[in-house]
Every structure is written in structure tokens, then in C-alpha cells.
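# Descriptive structure summary
The lines below spell out each chain.
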Amino acid sequence: MKKYAVLLLIYSLSIIPVLAQSAQEIYLNAFDDWHDGRYPDALSAFQEILDGPESEDYFERIALQTGELFEVIELSADGSNLRFSDDDKFAIYERTIDEKLFTNVYDLEKNQPFLEVHGKGLKIVSDGSVIFQQVEDNDDLKRAAKKRDEGVARARASGDRSLWRESLNEYALAEAKNTRLFYMNRSGSSKQDITPDKLIMGEMLVSSNEDKIYFVGLEPGSDFSDIYEFSISSGQLKELTDSGNFESDLYFAEGGEKLVFNYSVRNSISSAANAQPEITTKAGVLHLAASTITTLNGRLVDVQDNLALALQSEENKNQLMLTDLSDGNKSREIFSTEEFFADPVLSPEGTKVAFSMKDQNDYEIYVVDVDSEKLQRVSREIQHDRFPIFLSENKLIAAKGEGRHRRSFMYDLESGEVTRLFHNNTLRTIAPEYEWSSNKAGDKLMIVAERDGNTISPERGVYLLDLTQRISKTDLAQRLDNNLEEELALREKGKKLYERISEEVAEVVSKASRNRVYNYEEDLYKFDSKYISQPGNDKAAEYLFDTYSSFGYEPEYQWFTPPGREVYDGKTANVIATLKGTTNPELVYVVSSHYDSVEGGPGADDNTSGTAALLEAARILADNPMPATIIFASFTGEEAGLLGSREFVRLAQENGMNIVGALNNDMVGMANDSRLDNTIRYSNPGIRDIQHASAFLFTDMVTYDALYYKFTDAHAYYEAYGDIVGGIGSYPVLGNPFYHQWNDNLETINHQLVTEVAKSTAATLMLLTSSPSRIQNVTASAGGEHSFFVDWEPSPESGIREYLVRYETAEGEMKTLTTDKPGISISDAKSKKTIQIKAVNESGMEGWDWARAEN
């Protein structure tokens, strides 16, 4: 800590001469430093401004530049299905514990948890009692879950999305059949099963008098659903519809006097999974007192009291229809377009409608005024803008980015001001978001996000944002201090890692050429689709073979025929080039990119960009062999189910190849903004830190990171060799709107960014191959209260000088011991803590990752 305090002081002193400048000049310089990745300079300047007399003028800008402006609390480390109670007093979310679904209720007035119920679909009534559904855990459901998991696994392996839908839908039906309805009082002392007999229950609404429940129900064996009314007090069940249709999407209207819903004709609920999704063309309005139903044209999308919003599609025309339910169901068109159209929603008072429209290459948010029908464009962004939610008549939020990259922003429709809402307040890790919900007052939000950057675990946190409360100045100052300390530590570590080979690395990466990179991209792009069933796949493989040969390699094809796939000319191939190691050739580092694309697109970013970076890294390293062997692997069939990477790993294991580290680059070139920024997608934190260092020491690229490998070629390495993976990819920084589309074109690529990735890749490989690999099979055997004998396998590299052993002492201090051979006794270690080991070679290069064991 003292060391970083000294570094912080040095950085603080270094900006004293600029204090004569105005706060505006300091801020603008810091803004440039931030966007160019000079984080220590930017953070130090922000600190000076925050400590100065004009801190309040810059508080909001600095807060938003570095993270969150509004107060955020974590409600749960995992959850989904967000909603607020009708009276805005409670926040509600669901989470799974030991495969059982629970609903949690958070009291917003007392700022504390209120209730946890084993169940779903929970509704709160005025006295604090709750109505909820509970799934019975029985053998039938377990069999359905097993069948679902097997079907999903087959779908992932085959790429057959219909199989995925079928598996999920069959389980959903089985779950519905095993669902019961319960009423429970506030204290939880009384719980009553109120399930209507012989009905499978779907979505549910509770009336304002809190005695009646309206739900979609299905009789066992029936092909169609209906809407039912159930009285809690009397137990009376009443069927409200009998139309031979399939109802869904229930809304109350006119203060609960009417029920509005969608319906569509389907042959059978069980066969729907195998059919193409049908467009719901009708909306129904059920007058509860009169028990009469009227029909509206189009698919119902939103209801606000007496107004119903429907989307109607005819040929190439999409229309927004607004119906006044209090005035004879009079409908009128308020907007129409031939463009792609999604996510329409009414404002709280029904004066505006917001929606997403794909008018050029990506979705943008638009708002239409109901009275004047005047259209206002709200967002202007390279990435998709989706899922608007009104906070008030003149303020809304929307999500920016492709599905795995989204983040929330707030838009003021009058001023045009745009405010980012959520972050994790760190420099190098960004939090992707997945769900959003607003209360009726529009001053609180719940968000589901991966705030820790961990996309591997299924847990996604639930966060509550209070839009009326800004963070404190103390909180912001602490954020700046923490980020500066962490960034200085990362940079010092990176410089130390590379200090013995920095000149050699700089010489190699200086050979990288943007012109060469563009030439590879252009050549590969001309082959159009490179999917395994298309002729471009073979053409690309031949091109890669010839290009590796031109660099002086002796490449090889790995031909194979994937079972159950349509393959052009009956087979497809990985293309492999090998740079043999000079000292430890038996130890292998693999760097890969898939060269195939989706069937319907040329795949410029996905993944010609990664392929071009791989080729350039291979070229600049060709005359510079390293101590360990490097394999450059161009994989086929990633888009058909990770076929090439799994074939490569299968052969590697069959042939006894000792792969000790791997990098995989996928989608690295999207021209997203003015920055040269990208994401390190890693499973191994040692490789992550090396890649950060390679970027800030030898390139102009700014790197973020995400714990991520699933459903990419990196997954194949992880399955076979464990935690040895790094690489560069789009997630979560570059939200490419052309992902898997026909217009993933070459003109969307930043060729300099791809070149920087090639430099970073080469620099990372040079450090990995020059350093001892991670030690295997570390054990710690107890010999007393604080005594342990730690043992491990010898490092496989030749020329190992010593081993470092790091641990926490019984007094809480970190201590490092050295030994010249495996095995060491420790007499002062704290119990149940991690002991770390790494090797050091004769050149003084330390291992690139610590091996770990818990004592």
C-alpha cells in the first residue's frame, strides 16, 4: 500500500504546474487523456478538479465519465423477472436456489428485504398478503428438465434453433401442469392452496378489489386456452372466453373494468414448438361487467388505462393503431412505416408512443406525439437502441448495444440530454445489462446486469437505481482513488513483466502494417460467405494456406467431415501454421481465429477481422522464433457449432500435444467510435494482465476485460485444458449491429484497430513463450496449526532457476519464499487461505500465472 501511495503522490505532484490553467482546460485535457487510455493522468486531473473551488460544476461530468451518477444498491447477486408493485412500495424479483424458483420482495420505504416466497408470479395485495404460483417438484418435472437439458445440448451442438425452442416449450408445458396457486398472509403464518381444479394456469392478474384473479388457463388435453375468473373468497371459477383460440398478454384497462388481451389461432399448444412462430393478428377487449368481447385489429403491445396500443402489419406496412377504449373502441393510425419496427410502448399519460425502428443499418429510438402524429428521433448511435421505457411524458430510458453488450441510457425528450445510468465504477471492466424495470413514479429502476464482468457463471445481479439521489462527493473521490491505485498497480506489473524483453517485443510489433492487414481482409471478403456449406469456405482455406506459406511457414490442412452437416465438397479444414520453439519446443501456445462466416453474410467483423489479425501476428513473428512453440490456427466451422476448434483439440489430445496457453481472437474490428478500444475475453487472469500490458506498452489500443469464453472457439480449449485462455473480442465493448447479418461488410471495419490487435497478440505470445508456464498439481498438507508442506510438479521448462511461494501469514501479512526445487515447508501460514507458486527461469522471467492451492 505504501508503494502505491508514493506513486499516487508522484502523479499528483506531476500535474501541479497545470493548476494555473482553468478548470475547463484541465477537464478537457483529462477528457482526451481518458479516451486515449492515459488513465492515471485523467484520474489525477479529475481529483484536482474535485478538490478545487469549481468541483460542483464538474461533479456530474466526472461521475458519468468514471461510472455512475445515481445511487445504486445490489438487491441480489442473482435474479430476473423484475417488477415493482402497483403502489410503488415494493421491488420484486425472482431467483433460483438449488433449482427452485423463489420470489423476493424488497421494501422501498424501509430500504430492507420484506419477504421471500418459494414461488413465481407473485402479486402483493394491500394488506401485505401475497398471491403466487408454486411449481411442484416431482418425477415428471425432473424427467422434463432432463429432456430439456439434453435437447438444449443437442441444439447447441447442431446449431438447430428449432430444437432449442422445442426443448424449452415442452418443459414450459410440463412446468405449467405442475403449478399450484397459493394465497399467503403478510406474516407467512397462513398459506392456502387456492388452485382451480383441472386447469393449467398461465399468466395472472389480480383485481383492484383483490378478491378476483384473472388468468389464462388450459384444460389438460385441450388444444386451446381461455381466460378465467376466480374468486378467492368463494372459490368460484368462471370461464370468460370460449373462442377456440390461444389467449395471452393480459392487461387491465378502464380502472380494471375491462380486460384486454391478444389471441391467435393455433392447432395445438404442444405442436407450436415445431411450427414457425405465428403473428398474433387480433386483440380482444373483455367487458367484465357485461361479459362481452369486442375485437381490435393488430397485436396488442401496451395499455394505459383507457388507451390500447396495437401493432398491425399488412404486406410491407407496419402500423401503430391507438384505440380509445372509453369511446366506443375508436381506433386510428398514429404512425406507419415499411421499415423494421419493434418495442412500441405508451407514455404514462398516453400522449406519446416510443418505439425502435431500423431505418438504415441499426435500430434507433423514435417517439411519436399521439395528437399531432409528429415524429421525433431520440437516439443517434452506431449500435442498436432498443426497449424504450417511459419514466414520464418527457423522459425515457432505452438500452444501447447488441444483445450481449447492452447498457442503459436516459433520454430527456425536451432538452435532448442523454445520461448513462449504470456502470460498475471500474476502468477495465464493463457491466452488460439484460433486464430493466421502472416504477410508476419514474424515479426508481431495477436492472439485471453482470456488474463484476463475469459472464461465465449463470448468476446475474439485481440492482436498484434511485434517480433522485446522486452519489456523494466522498463516494466519487473514493472511486477515483481506487481506480488510480488499481491502474498504477496494473501498469507497474505490466512494465515489470516485459522489462527483460521489451526491446525485442517493440522491434517485432513495429513491423505490423495496416496495409497488409487491409489486404488480407479485402482478399477474404471477396469470397463472400465462408460458411462450411458454401464455396467460399474452401477458397478461404486455400488462401490461408498460401498466405502462411508466403511468410515462410509449412502449413497443413486438418481436413474432416463433421457428421450431420451439409459441407461444401464433402469436407472442411482447419489451416495450421507452426513456429517451432527454440528451447522448449514440446510446450505449445496456440493462437486462433475462425475464418468461416454465417451462411447469409460475408462476415467482415465476424470473423475476417480476427483472421487478419492472426495472419499479421504470424507474419511479424515468422523470423523471430520464441523459446516455446507457437501454433497459428485458422479454424473452420465455428458458426456451425465450434467444429474446427473441437477437431483441433481432439487431434491435439490424441497426439499428446502439451498445450499450456491459448489465445482466441473473434470479432475485433468494429468501427464503433473514435477510440481504438477492444475487450480481453479471458478465463485466465494472468493472461488478462499480460494482454492489458501488451496493449498499453506496445499499441495504441485501449483494453477492457470480461471473464468470457463460452460459445466461442476458446470454449474448446477450456473444456480440454482448463483455465489457460485469453484473447481479444468484441464483448462487451464493440456492440456490432451487423453481427450475423448480411451487411457485416468490410466498410464497417477499423483496419488500424485490427492492426493493433495483431501487435498486442504478438507481444502477448512473446511474453508467454518466454516465461515459465503455470505449475501443475500444487498440494498443501497440514503439519500443525500454521505449518504446511507445499508440493508441486517441477516446471516443464528447462533452465528453471527458482520457485516463488507466496502466502498470507498468521498475522495477515503477505510473504514470499524462494526455493530451488519443488516442495517447501511453511510454519507461519494462515489456515484456509490460498498458497501461490510460480517458477522463475534463468533469464529472470517469472511464470505468467500463479498456480494455487488452499491450505
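The residue numbering used here restarts from 1 in each chain and proceeds along that chain's sequence as written. This being a predicted model, a pLDDT of at least 70 is required before a residue's local features are given, and a value of 80 or more before pairs of side-chain atoms are given or counted; all residues contribute to the totals for chains, interfaces and linings. With hydrogens and water stripped out, all remaining heavy atoms of the structure feed into the side-chain values.

Looking now at the sheet that holds strand 43 (residues 788–791). The strands that make up a sheet pair up through hydrogen bonds in the backbone, lying either parallel or antiparallel. In spatial order, the strands read 42-43-46; together these three strands make up an open sheet with antiparallel pairing. Among the strands making up the open sheet, the edge pair consists of strand 42 (779–782) and strand 46 (824–826). Each strand of the sheet is rotated relative to its neighbour by a mean of 25°, with strand direction disregarded. Here strand 42 pairs with strand 43 via four bridges, running antiparallel. Each residue of the ladder has a partner; that of Ser781, found in strand 43, is Phe789. Strands are labelled as partners when DSSP assigns at least two bridges between them. Helix numbering and strand numbering both begin at the N terminus, where a helix is a DSSP run of H or I of at least 4 residues and a strand a DSSP run of E of at least 2. Axis definition: a line fit to C-alpha positions, over the contact stretch in the case of helices; interaxial angles, taken between N-to-C directions, run 0 to 180 degrees.

For the rest of this paragraph, the subject is the packing of aromatic side chains. Side-chain rings of Phe, Tyr and Trp, where Trp is taken by its six-membered ring, are said to pair if the distance between their centres is within 6.5 Å; with planes under 30 degrees apart they count as stacked, over 60 as edge-to-face, and otherwise as tilted. Within the structure shown, the criterion is met by 29 aromatic pairs. Aromatic pair Tyr520 and Phe551: ring centres 6.3 Å apart, planes at 70°, arrangement edge-to-face. Taken together, the residues Tyr520 in helix 9 (residues 514–525) and Phe551 in the loop between helix 10 (535–550) and strand 33 (556–560) connect sequence positions 31 residues apart. Exposure is judged per residue with a 1.4 Å probe applied to protein chains only, and the accessible area is read against the type maximum: over 50% gives exposed, under 20% gives buried, and values in between give partly exposed. For Tyr520, a relative accessible area of 3% corresponds to the buried category.

Now for the environment of Val575. As for its placement among the helices and strands, Val575 is situated in strand 34 (residues 572–579). For Val575, a relative accessible area of 0% puts it in the buried group. Between the alpha carbons of Val575 and Leu391 there is a distance of 53 Å; along the sequence they are 184 residues apart. Apart from residues no more than four positions distant in its own chain, Val575 is found in contact with Ala541, Leu544, Phe545, Tyr548, Glu556, Tyr557, Phe632, Ala633 and Ser634. Contacts are residue-level and defined by heavy atoms, with any inter-residue pair within 4.5 Å sufficient.

Within the open sheet, the four strands sit side by side as 22-23-24-25. Their pairing is antiparallel. Strand pairing shows two members of the sheet lacking a second neighbour, strand 22 (340–346) and strand 25 (375–377), which therefore form its edges. Ignoring strand direction, the axes of neighbouring strands in this sheet form an average angle of 25°. Looking at chain direction, strand 24 (residues 363–369) and strand 25 are connected through three bridges and run antiparallel. Within the sheet, the bridge partner assigned to Val368 lies in strand 25 and is Leu375.

Turning next to the nonpolar core. Nonpolar cores are built from buried Ala, Val, Leu, Ile, Met, Phe, Trp, Tyr and Cys residues. Side-chain atoms within 4.5 Å join them into one set. Counting 112 residues, the largest nonpolar core has Tyr498, Tyr548, Tyr553, Leu621 and Phe632 as its most contacted members. With 10 residues, helix 15 (residues 751–770) is the largest single contributor of residues to this core. Those residues within four positions of Tyr548 in sequence are excluded, and the remaining contacts are Tyr553, Pro555, Val575, Ala577, Leu614, Leu615, Ala618, Phe632 and Ser634. Val590, Ala633, Phe648 and Ala716 belong to the second-largest nonpolar core, a separate cluster that totals 18 residues.

For this analysis, a salt bridge means a side-chain nitrogen from Lys or Arg found within 4 Å of a carboxyl oxygen belonging to Asp or Glu. Enumeration over the complete set of coordinates arrives at 36 salt bridges. A salt bridge links Lys212 to Glu229; its shortest N-O distance comes to 4.0 Å. Within this pair, whereas Lys212 is found in strand 11 (residues 212–218), its partner Glu229 is found in strand 12 (residues 225–231), the two being separated by 17 residues in sequence. One salt bridge in this structure joins Arg377 and Glu364, with 3.5 Å as the shortest N-O distance. Within this pair, whereas Arg377 is found in strand 25, its partner Glu364 is found in strand 24, the two being separated by 13 residues in sequence. Its relative accessible area of 27% is what places Arg377 among the partly exposed residues. Taken together, the salt bridges that share partners define one network made up of Asp723, Arg774, Asp849 and Arg852.

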